[in-house]
Amino acid sequence: MRLAALSLLFAPLLAQAATLSVCTEASPEGFDVVQYNSLTTTNASADVLMDRLVEFDARQGRLVSGLAERWEVSDDGLTYTFHLRQGVAFHSTDWFKPSRALEADDVVFSFRRMLDASHPWHKVAQSGFPHAQSMQLPSLIKSVDAPDAHQVRFTLNTPDATFLATLSMGFASIYSAEYADQLMKAGTPERLNAQPVGTGPFVFRRFQKDAAVRYAANPDYFGGKPAVDGLVFAITPDANVRLQKLRRGECQIALSPKPLDVQSVAGDKTLKVSETPAFMTAFVGINSQHPPLDKPQVRQAINLAFDKNSYLKAVFEGSATAADGPYPPTTWSYAKDLPAYPHDPQKAKALLAEAGLPEGFKTRIWTRPTSSLLNPNPSLGAQLLQADLARVGIQADIRVIEWGELIRRAKAGEHDLLFMGWAGDNGDPDNFLTPQFSCASVQSGLNFARYCDAELDKLISDGKSHADLSQRTALYEKAQRIIREQALWLPLAHPTAFALTRANVEGYQANPFGRQDFSRVRLD
């Protein structure tokens with residue numbers, strides 16, 4: 001009955017040939033992207049509504065101009081000056097009519113609200129700014145100012161080789177200071193999260209939780225009006241239903257298909273597969289603040305108890321490679337000489353006994369209810385881990401928690417063992433190390449291992465301060481050794497990013513970082 005109702009809901013929109021409908025797996029947490037860290041929220045906000053000073057072009061593998069036409073970096077690496085495009089229009093909506101084009105003040109506002117605790121907009125984000133905090137931007141950026149209406153200057157406290165790449169991340173999107181002032185004067189700043197305004201290729205129209213997000217093409221987009229007139233995110237948690245909708249033409253693109261679904265469309269002339277190796281890692285985060293998981297021997301035992309090969313075959317069905325560390329082996333600085341944990345239940349039992357737990361212990365496994373690229377079969381994966389742990393005496397209860405609630409509670413550190421995944425944004429290894437293993441990221445909630453170590457933190461921090469790749473590589477290899485020895489994660493897989501499309505979809509390409517670009521998509 002519910003599926004039939006959803007079909008009727010989308011029928012009028014899909015009747016328009018110029019409307020692109022995309023079947024997605026979950027509702028966004030909101031649309032003020034700086035407050036969140038999930039890829040689902042980034043896709044629904046930053047990717048379609050917003051722009052950044054610089055962008056990372058996955059097809060070219062390099063940073064390209066965004067809202068900034070060009071930029072200069074001082075010889076000492078401390079000052080970045082960006083020259084803005086002129087005439088970039090903010091969205092005109094029922095709730096906001098801009099009186100001017102993009103200016104430097106908009107950039108200054110977008111960053112100062114995250115950096116300055118005394119800024120009136122800082123307290124509006126009740127959960128803080130997880131990416132800005134984990135990337136340690138408040139301590140890195142000394143000042144952000146506007147020499148004139150079309151120039152923005154960032155002054156850093158120390159050189160940072162990752163700074164430009166960081167500015168391409170979704171949380172670095174640029175907001176309208178004029179719209180923010182309007183909301184603050186009206187006493188309704190929370191509306192920024194529900195009625196977003198950006199400069200991006202699509203304009204927000206409305207959101208029905210667990211049903212749909214609707215957008216219209218931005219006719220004034222500086223990159224050119226999208227080829228489609230409208231965009232719909234049809235929120236469809238079940239991957240089987242996403243495939244059914246795609247076959248019926250109710251969606252033109254289906255994200256995060258199951259591996260078997262990808263195989264099933266082979267030979268179907270009405271459908272196509274878009275794929276690319278994903279710059280992502282699926283893992284189980286082990287909360288090092290929860291006894292007895294605070295003991296390295298216990299975390300190591302969990303890694304040894306798990307039969308990863310069986311897991312990969314059952315859950316990813318040949319669509320992923322085994323993960324042995326935090327980031328993919330194609331990444332520069334990957335420590336290829338570090339051995340993976342073998343499947344060795346007897347050694348796991350010995351380590352538990354060494355930790356004073358010869359009879360094992362009880363713990364909890366948290367997972368999501370619906371499939372995703374980084375977790376194609378959450379229920380089966382959790383059951384396999386549960387069974388392997390039981391064989392060494394660890395009794396684990398499985399808790400299935402709705403995605404938004406799972407993220408919120410995990411950031412608060414309530415989990416024991418957490419099925420999670422991380423997608424890098426720009427190919428730099430720091431995009432894994434700082435968010436997932438720095439001390440600052442424990443405070444922001446993104447460090448799901450909840451592990452703060454002075455030596456590891458310094459290695460990560462020093463790695464960002466050097467421009468020379470060989471120096472950074474040496475530091476990051478040492479960091480990976482600590483992560484491996486401390487067994488902060490149970491690394492699972494590096495998946496292949498797949499998307500299924502109708503045969504008439506042109507201009508769409510699966511992205512290795514999980515980002516979505518629908519501005520170039522057309523329906524033939």
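Bear in mind that the values here come from a model prediction, so they are computed numbers and not experimental data. (Residues numbered from 1 in each chain as written. Predicted model: local features only at pLDDT ≥ 70, side-chain atom pairs only at ≥ 80, totals over all residues. Heavy atoms only, no water.)

Chemist: It is not clear to me how the overall build of the chain should be interpreted in this structure. Could you clarify?
Modeler: Within the chain, the secondary structure is distributed over 19 helices and 20 strands. Dimensions of the chain, computed from C-alpha atoms along their principal axes, come out at roughly 70 × 60 × 40 Å. Burial statistics for the chain: of 524 residues in total, 60% are counted as buried. Accessible surface computed for the chain: about 20400 Å², of which carbon and sulfur atoms make up 49%. A gap of 4 Å separates the mean positions of the 53 positive and 57 negative side-chain charges of the chain. (Helix = DSSP H or I, 4+ residues; strand = E, 2+ residues; numbered from the N terminus. Buried < 20%, exposed > 50% of the residue type's maximum accessible area, 1.4 Å probe, protein only. Areas by Shrake-Rupley, 256 points an atom, 1.4 Å probe, with all protein chains shown as cover. Lys, Arg positive; Asp, Glu negative; His and termini not counted. Charge placed at Lys NZ, Arg CZ, Asp CG, Glu CD.)

Chemist: Could you clarify how one ought to interpret the sheet that holds strand β4 (residues 68-73) in this entry?
Modeler: Strand pairing in a sheet is mediated by backbone hydrogen bonds. Such pairs are either parallel or antiparallel. Strand order in the open sheet formed by 4 strands is β4-β5-β7-β6, and the pairing between neighbours is antiparallel. Each edge of the sheet is formed by a strand with only one pairing partner; in this case those strands are β4 and β6 (141-148). Strand-to-strand, the axes of this sheet are offset by a mean angle of 20 degrees, without reference to chain direction. Bridge count between strand β5 (residues 79-84) and strand β7 (residues 151-156): 5 bridges; the pairing is antiparallel. Bridge pairing in β7 links threonine 79 to threonine 155. (Pairing = 2+ DSSP bridges. Axes fitted to C-alpha atoms, helices over the stretch in contact; angles between N-to-C directions.)

Chemist: Mind showing me how you'd approach unusual backbone geometry here?
Modeler: Where the residue is not glycine, phi is negative for most of them; where a peptide bond is considered, it is trans in most cases. Cis peptide bonds are those with omega within 30 degrees of zero, and the linkage from proline 291 to proline 292 qualifies with 0 degrees. As for its position among the elements, proline 292 is in the loop between β13 (280-286) and α11 (296-305). Of note, serine 256 is a non-glycine position whose phi angle comes to about 50 degrees, a positive value. Examined against the element boundaries, serine 256 turns out to sit in the loop between β11 (253-255) and α10 (259-264). Of note in this structure, glutamate 317 is not a glycine but carries a positive phi near 50 degrees. Residue position: glutamate 317 is located in the loop between α12 (308-316) and β14 (320-322). You can call glutamate 317 partly exposed: its relative accessible area is 27%.

Chemist: What exactly am I supposed to notice about helix α15 (residues 403-411) here?
Modeler: Of the residues making up α15, those classed as buried are Trp403, Leu406, Ile407, Arg409, Ala410 and Lys411. Against the buried residues of α15 lie α2 (39-44), α5 (130-134), β15 (361-367), β16 (394-400), β17 (417-423) and α17 (439-444). The N-capping residue of α15, defined by a side-chain oxygen 3.0 Å from the backbone nitrogen of glycine 404, is glutamate 402. (Contact = heavy atoms within 4.5 Å. Polar contact = N/O pair within 3.5 Å; in protein donor to acceptor, adjacent residues only side chain to side chain.)

Chemist: Could you clarify how one ought to interpret the nonpolar core in this entry?
Modeler: Where a protein is soluble and globular, its nonpolar side chains tend to be buried together. Formed by 72 residues in total, the largest nonpolar core has its most connected members in Phe111, Phe154, Tyr215 and Phe518. Excluding residues that lie within four positions of it along the chain, phenylalanine 518 makes contacts with Leu20, Val22, Val48, Phe202, Leu231, Phe233, Ile253 and Tyr508. Ranked by size, the runner-up nonpolar core spans 41 residues in total, among them Tyr311, Ala348, Ala355 and Ala497. (Core = buried A, V, L, I, M, F, W, Y, C linked by side-chain atoms within 4.5 Å.)

Chemist: What is the right way to look at empty space enclosed by the protein in this model?
Modeler: In this approach the atoms are scanned with a rolling probe the size of a water molecule, which exposes any empty space left behind. Inspection of the entire model under this criterion finds 5 cavities of 30 Å³ or more. Put simply, the largest cavity is a space of about 720 Å³. Forming the boundary of the largest cavity are 48 residues, of which Ser38, Leu39, Thr40, Asn43 and Leu374 lie nearest the centre. Class assignment for the residues of the lining of the largest cavity results in 28 nonpolar, 16 polar and 4 charged. In this structure, the second largest cavity occupies an estimated 150 Å³ of space. As for the second largest cavity, its lining consists of 16 residues, and the residues nearest its centre are Asp324, Gly325, Pro326, Arg484 and Pro491. (1 Å grid on protein atoms, 1.4 Å probe; cavity = no way out; pocket = protein on both sides within 12 Å on 5 of 7 lines; lining within 4 Å. Points joined across faces, edges and corners; volume = space filled by probe spheres on them. Nonpolar A, V, L, I, M, F, W, Y, C, P; charged D, E, K, R; others polar.)

Chemist: Explain the state of the cysteines here, please?
Modeler: One way to say it: the disulfide is the covalent bond shared by the sulfur atoms of two cysteines. In the structure shown here, the tally under the stated rule is 2 disulfides. The disulfide partner of cysteine 23 is cysteine 251, and the gap between their sulfur atoms is 2.0 Å. Given an S-S torsion of about 65 degrees, the disulfide between cysteine 23 and cysteine 251 has right-handed geometry. Placement of the pair is cysteine 23 in strand β1 (residues 19-24) and cysteine 251 in the loop between α9 (239-248) and β11, with a sequence separation of 228 residues. Each member of the pair, cysteine 23 together with cysteine 251, is buried. Here cysteine 439 engages in a disulfide with cysteine 452; their sulfurs sit 2.1 Å apart. Because the torsion about its S-S bond is 95 degrees, the bridge between cysteine 439 and cysteine 452 counts as right-handed. One end of the pair, cysteine 439, is in helix α17; the other, cysteine 452, is in the loop between α17 and α18 (454-465), and 13 residues separate them in sequence. A relative accessible area of 16% means that cysteine 439 is categorised as buried. Sequence-ordered numbering of the bonded cysteines in the chain yields a pairing of 1-2, 3-4. (Disulfide = S-S within 2.5 Å.)

Chemist: Would you mind going over the environment of valine 144 with me for this structure?
Modeler: Relative to the helices and strands, valine 144 resides in strand β6. Valine 144 sits 147 residues away from proline 291 along the chain, and the two C-alpha atoms are 43 Å apart. Beyond its immediate sequence surroundings of up to four residues, valine 144 is in contact with Val108, Phe111, Arg112, Leu115, Val152, Arg153 and Phe154.

Chemist: Explain the pairing of β1 here, please?
Modeler: Across a regular strand the side chains alternate sides, sitting on one face of the sheet and then on the other. For β1, a buried count of 6 out of 6 residues is recorded, marking the element as mostly surrounded by other parts of the structure. Every second residue of β1 is oriented toward a common face, with Thr19, Ser21 and Cys23 on one face and Leu20, Val22 and Thr24 on the other, all of them buried. By the bridge criterion, 6 bridges tie β1 to strand β10 (residues 230-235) in an arrangement that is parallel. From the neighbouring strand, threonine 24 faces β10, where its bridge partner is isoleucine 235. Relative to β11, β1 runs parallel, the two being bridged by 2 bridges. Following the sheet pairing, cysteine 23 is matched in β11 by alanine 254.

Chemist: Looking at this structure, I do not really get the pattern of salt bridges. What am I missing?
Modeler: Two side chains with opposite charge may pair up if their charged atoms get near one another. Tallied over the full model, the rule gives 20 salt bridges. For the salt bridge of glutamate 55 with arginine 52, the shortest nitrogen-to-oxygen distance reads 3.0 Å. For the salt bridge of arginine 364 with aspartate 416, the shortest nitrogen-to-oxygen distance reads 3.3 Å. With arginine 364 in strand β15 and aspartate 416 in the loop between α15 and β17, this residue pair connects regions lying 52 residues apart in the sequence. Sharing partners across several salt bridges, the network here consists of Asp47, Asp425 and Arg515. (Salt bridge = Lys/Arg side-chain N within 4 Å of Asp/Glu carboxyl O.)

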